Amino acid sequence: MTAEEFKNIILKYHSSMRRMAESMLNDNDLAADAVQESVICLWNKREDFGRVEKKEAFCITVVKRRCVDILRQQRPSEPIDEKVIMMEESSADENLEERYRMARMVIDRLPEKQREAILMKYEEDLPNREIEKALNVSSANLYTIFSRAYKSIRETMEKLNDYERGK
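Residues numbered from 1 in each chain as written. Predicted model: local features only at pLDDT ≥ 70, side-chain atom pairs only at ≥ 80, totals over all residues. Heavy atoms only, no water.

*Asks:* Help me get a handle on the overall build of the protein chain, residues and values and all.
*Replies:* When helices and strands are tallied, the protein chain shows nine helices and zero strands. Starting at the N terminus and walking to the C terminus, you meet the elements of the protein chain as α-α-α-α-α-α-α-α-α. Relative to its 167 residues, the protein chain shows a buried fraction of 34%. A total accessible area of about 11,000 Å² is found for the protein chain, and carbon and sulfur atoms account for 48% of it. (Helix = DSSP H or I, 4+ residues; strand = E, 2+ residues; numbered from the N terminus. Buried < 20%, exposed > 50% of the residue type's maximum accessible area, 1.4 Å probe, protein only. Areas by Shrake-Rupley, 256 points an atom, 1.4 Å probe, with all protein chains shown as cover.)

What follows is the structure, encoded as structure tokens:
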């Protein structure tokens, strides 16, 4: 495949590659990087790429895989909302032990892997890499575990707070 043929193919599918990256990453700069890295990957394998029948689908697949790699490299960035867990919104005179007991009760009701991940992170203060090894999960799976745990904790604590306010 000549450089000109490659360029024409990439130009033809560039906008769909870019849209895919933007939809997966929700970040225009990261999406541009993902597409550029995908184009470099395609260029490096241009002889194989020349034999591909469905070039657009192949380009999109390369971009998707690059986006997944980018997402895997990102760590869970959503910290536990301590105000929600510790029910800071409650009356100021509520004692710390009661808030901890309530938060722990909510955490204890999480599914096993979520509970273990949260306790390892916040009680044992383990870094994500060690939690991944202990739970035998990838960084992407750990991100999902944390996200689901945080969501469950938030929702349960909001319900408890609503109940306490008489809603």
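*Asks:* Summarise the packing of helix α7 (residues 112-122) against helix α8 (residues 128-135); cite the residues concerned and give the values.
*Replies:* At their nearest, the axes of α7 and α8 sit 10 Å apart, and the two run at 145° to each other. Crossing of α7 over α8 shows right-handed handedness. Taking contact as the criterion, the partners of Lys113, Glu116, Ala117, Met120 and Lys121 in α7 are, on α8, Asn128, Ile131, Ala134 and Leu135. Of the residues that constitute the contact of α7 with α8, the class distribution is five nonpolar, one polar and three charged. (Axes fitted to C-alpha atoms, helices over the stretch in contact; angles between N-to-C directions. Left-handed = near helix turned anticlockwise from the far one by under 90°. Contact = heavy atoms within 4.5 Å. Nonpolar A, V, L, I, M, F, W, Y, C, P; charged D, E, K, R; others polar.)

*Asks:* Give a detailed account of the packing of aromatic side chains, specifying residues and quantitative values.
*Replies:* Counted according to the given criterion, the structure contains two aromatic pairs. Note on Phe6 and Trp43: the rings are 5.1 Å apart at their centroids and 70° apart in plane angle, and the pair reads as edge-to-face. One end of the pair, Phe6, is in helix α1 (residues 3-25); the other, Trp43, is in helix α2 (residues 28-44), with 37 residues separating them in the sequence. Owing to a relative accessible area of 6%, Phe6 belongs among the buried residues under this scheme. Overall, Trp43 belongs to the partly exposed group, its relative accessible area being 31%. The interplanar angle of 10° and the centroid separation of 5.7 Å between the aromatic rings of Phe146 and Tyr150 together place this pair among those described as stacked. (Phe/Tyr/Trp six-rings, centres within 6.5 Å; stacked < 30°, edge-to-face > 60°.)

*Asks:* Residues and numbers for the nonpolar core, please.
*Replies:* Counting 19 residues, the largest nonpolar core has Met17, Ala21, Leu42 and Cys59 as the members making the most contacts within it. At the level of elements, α1, α2 and α4 (55-73) are the ones that each hand at least two residues to this core. Tallying contributions element by element places α1 first for this core, with seven residues. Contacts of Cys59, omitting those with residues within four sequence positions, involve Ile10, Tyr13, Met17, Leu42 and Phe49. In this structure, Leu119, Ile131, Leu142 and Tyr150 belong to the second largest nonpolar core, which totals 17 residues. (Core = buried A, V, L, I, M, F, W, Y, C linked by side-chain atoms within 4.5 Å.)

*Asks:* Go over the confidence of the model for the protein chain with me, naming the residues and quoting the values.
*Replies:* The share of residues in the protein chain with pLDDT of 70 or more is 84%, and the mean pLDDT across the chain is 81. When mean pLDDT is compared element by element in the protein chain, α8 scores highest at 91, while helix α5 (residues 82-85) scores lowest at 48. Across residues 84-93, confidence stays below pLDDT 50; counting only partners more than four residues off in sequence or on other chains, it has 26 contacts. (pLDDT = per-residue confidence, 0-100.)

*Asks:* Now, about the packing of α1 against α4: what can you tell me, with residues and values included?
*Replies:* One way to put it is that α1 packs onto α4 with a least axis distance of 9 Å and a crossing angle of 35°. Where α1 crosses over α4, the handedness of that crossing is right-handed. Along the contact surface, α1 presents Ile9, Ile10, Tyr13, Ser16, Met17, Met20, Ala21, Met24 and Leu25, while α4 presents Lys55, Glu56, Cys59, Ile60, Val63, Lys64, Cys67, Val68, Ile70 and Leu71. In the contact of α1 with α4, the residues fall into 15 nonpolar, one polar and three charged.

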